Amino acid sequence: MPSKDPGRKSPRRAAPSGPKLPPKTLRVRKGVRGGHDGLPQATSPSAARPQGPRSTAPRGKGRSPAVVRRTEAPTERIVAGVRAGDRTLLARAITLVESNAPAHFEKAQEVLRALMPHTGGSIRVGVTGVPGAGKSTFIEALGSHLTGRGLKVAVTAVDPSSSLSGGSILGDKTRMERLANDPLAFIRPSPTGGALGGVARKTRETILLFEAAGHDVVLVETVGVGQSEILVRSMVDFFLLLLIAGAGDELQGIKKGVIELADAIVVNKADGANRTAAEVARGEYERALHYLRPATEGWETRAFAASAATGEGVADVWGVIEAFRARTTASGAWARRRSGQEREWLHALLRERLWDLFRARPDVVRLLPKLEREVIAGRLPATSAAQRLLGLI
């Protein structure tokens, strides 16, 4: 066997073809922030690079594919499209509402002002529940039942956004595949932006757009974590609480205070071997409700059992919602709730805006951190700190 020449380098092994595999770690992209759609200026690093001489090479041979930029639709066209039920223009109107870009905010308000006379005609239903209660499955079953009756249904499914990365899953269209393909249904997941109250303004205005587009029923699914239920309760007519049997303490909802917000309780997954347990749980909640004040004036909150998987009991739940609308409309409670919600929304926006303006004052920017440290250290009462800050006005 010939000996190897010590000064001779062995040929380098060719690199394997194909894309380089990423390291085995889970990477989460940051969520799309407001102002991401329809901006006239470039919004990506690649689009913002200086443009060199235009290439004359045939497409596909050394040329990058052309970047197609969406043109911004005029306000009148968006308004007309929403009124006509154009799904594309409805989606663009919602994007304007969800955007945080100042230019988009002004345009969104123009669209809403033009559409306000055509809003208010839907039944707004909030749906919340404990984790694993099957909220998305139940909403799909209820929505399919309604579209089967010829009603137009809109769903805004509020997805939790990461407070660290700003990303959200936005997977409700995947979980509601059948309803997403229904021509009478429109599903729009909305990230909260990581803020507890981030859902409030954008979801309220999205509901108005749905109504202006002619949707008969608007279903709002909550994040299901703490105060999000209170926010959604403040923007819907009927609030539905989904629970399941065997999830621990059967009175867990009372401890969380959510039952006091509900106009009806549905024990979901009442099918197969779980049917008996679901009926037992329904009876427990029914008895507990006798000790609570109803969430709506003149209405008795009841507990029901249903199965979103089989559809059993879903039509009965819709019958309860229709009965609720008829009774509260006749008594005036429906109109009083809507009026109260609009008034509280106005007050909430004023409080938020006034706080933002106050916090942006240069003298407040200088003094607030110092007073916060004094309060935290226990050297100054919070009331005294607030008085000093308010004295700057």
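Model, not experiment: these values are computed from the prediction.

Moving on, we come to the overall build of the protein. In terms of regular secondary structure, the protein is built from 15 helices and eight strands. Taken across its 393 residues, the protein has 40% of its residues classed as buried. Considering only intrachain contacts with a sequence separation of at least 6, the fraction spanning at least 24 residues in the protein is 75%.

Packing of helix 2 (residues 75–83) against helix 3 (residues 87–98) brings their axes to within 8 Å, and their N-to-C directions diverge by 120 degrees. With respect to helix 3, the axis of helix 2 lies oblique. For the crossing formed where helix 2 meets helix 3, the hand is left-handed. Counting all contacts with helix 2, which are made through Arg 77, Ile 78, Gly 81 and Val 82, the residues of helix 3 involved are Leu 89, Leu 90, Ala 93 and Leu 96. For the contact of helix 2 with helix 3, the per-class residue count stands at six nonpolar, one polar and one charged.

Attention shifts here to the confidence of the model for the protein. Of all residues in the protein, 71% have pLDDT values of 70 or greater, and the mean over the chain is 80. Per-element mean pLDDT across the protein ranges from 38 in helix 1 (residues 45–48) up to 97 in helix 12 (residues 314–331). Low pLDDT (under 50) marks residues 24–52, which in the prediction has 27 contacts with non-local residues, meaning those over four places away or in another chain. The model gives residues 162–170 a pLDDT under 50, and that stretch makes 22 contacts with residues more than four places away or in other chains.

We now examine helix 2. Among the residues of helix 2, those classed as buried are Thr 75, Ile 78, Val 79, Gly 81 and Val 82. Buried residues of helix 2, viewed axially, fall in a sector of 165 degrees; they line one side. One or two positions beyond helix 2, positive phi appears at Gly 85, with a value near 80 degrees.

For helix 14 (residues 362–376), which comprises 15 residues, the first-to-last C-alpha distance of 22 Å matches the rise-based estimate of 21 Å (1.5 Å per residue) to within 8%. Leu 368 marks where helix 14 bends most, by close to 30 degrees; the proline Pro 369 follows one to four residues later. Every buried residue of helix 14 is accounted for by Asp 363, Val 364, Leu 367, Leu 368 and Leu 371. The inward-facing, buried residues of helix 14 abut helix 13 (333–359) and helix 15 (382–390). Phi turns positive one or two residues past the end of helix 14, at Gly 378, with a value near 80 degrees.

Here we come to a nonpolar patch on the surface. On the surface, Leu 346, Leu 350, Leu 354 and Leu 357 cluster together into a nonpolar patch covering about 390 Å² of accessible area. With respect to the helices, strands and loops of the structure, Leu 346 is situated in helix 13. With a relative accessible area of 49%, Leu 346 lands in the partly exposed category.

Right, let's talk about the environment of Ala 93 for a bit. Tracing the backbone through its elements, the reader meets Ala 93 in helix 3. Counting along the chain gives 15 residues from Ala 93 to Ala 108, while the straight-line C-alpha distance between them is 7.0 Å.

Moving on: the pairing of strand 8 (residues 302–305). The pairing of strand 7 (residues 264–267) with strand 8 spans four bridges and is parallel. Considered in strand 8, the bridge of Ile 265 is made with Ala 303. Where the polypeptide runs from strand 7 across helix 11 (residues 275–289) and back to strand 8, its parallel neighbour, the crossover connection is right-handed.

This part takes up the nonpolar core. Judged by nonpolar contacts, the single largest core of 50 residues is most densely connected at Phe 138, Val 155, Leu 219, Phe 238, Leu 240 and Ile 265. Per-element accounting of this core gives the leading share, six residues, to helix 12. If we ignore the near neighbours within four places in the chain, the residues touching Leu 219 are Val 125, Ile 139, Leu 142, Gly 143, Val 153, Ala 154, Val 155 and Thr 156. Listed in part, the 29 residues of the second largest apolar core include Leu 89, Leu 96, Val 218 and Val 232.

Reading the values: rules and limits
- Residues numbered from 1 in each chain as written.
- Predicted model: local features only at pLDDT ≥ 70, side-chain atom pairs only at ≥ 80, totals over all residues.
- Heavy atoms only, no water.
- Helix = DSSP H or I, 4+ residues; strand = E, 2+ residues; numbered from the N terminus.
- Buried < 20%, exposed > 50% of the residue type's maximum accessible area, 1.4 Å probe, protein only.
- Contact = heavy atoms within 4.5 Å.
- Axes fitted to C-alpha atoms, helices over the stretch in contact; angles between N-to-C directions.
- Parallel < 35°, antiparallel > 145°, perpendicular 65-115°, else oblique.
- Left-handed = near helix turned anticlockwise from the far one by under 90°.
- Nonpolar A, V, L, I, M, F, W, Y, C, P; charged D, E, K, R; others polar.
- pLDDT = per-residue confidence, 0-100.
- Arc of directions from axis to C-beta.
- Expected span 1.5 Å × (residues − 1).
- Bend = angle between axes of the 7 residues up to and from the residue.
- Patch = residues over 30% accessible without salt bridge, like charges linked within 9 Å, V, L, I, M, F, W, Y side chains within 5 Å.
- Areas by Shrake-Rupley, 256 points an atom, 1.4 Å probe, with all protein chains shown as cover.
- Salt bridge = Lys/Arg side-chain N within 4 Å of Asp/Glu carboxyl O.
- Pairing = 2+ DSSP bridges.
- Right-handed = clockwise from strand over helix to strand, strands pointing away.
- Core = buried A, V, L, I, M, F, W, Y, C linked by side-chain atoms within 4.5 Å.

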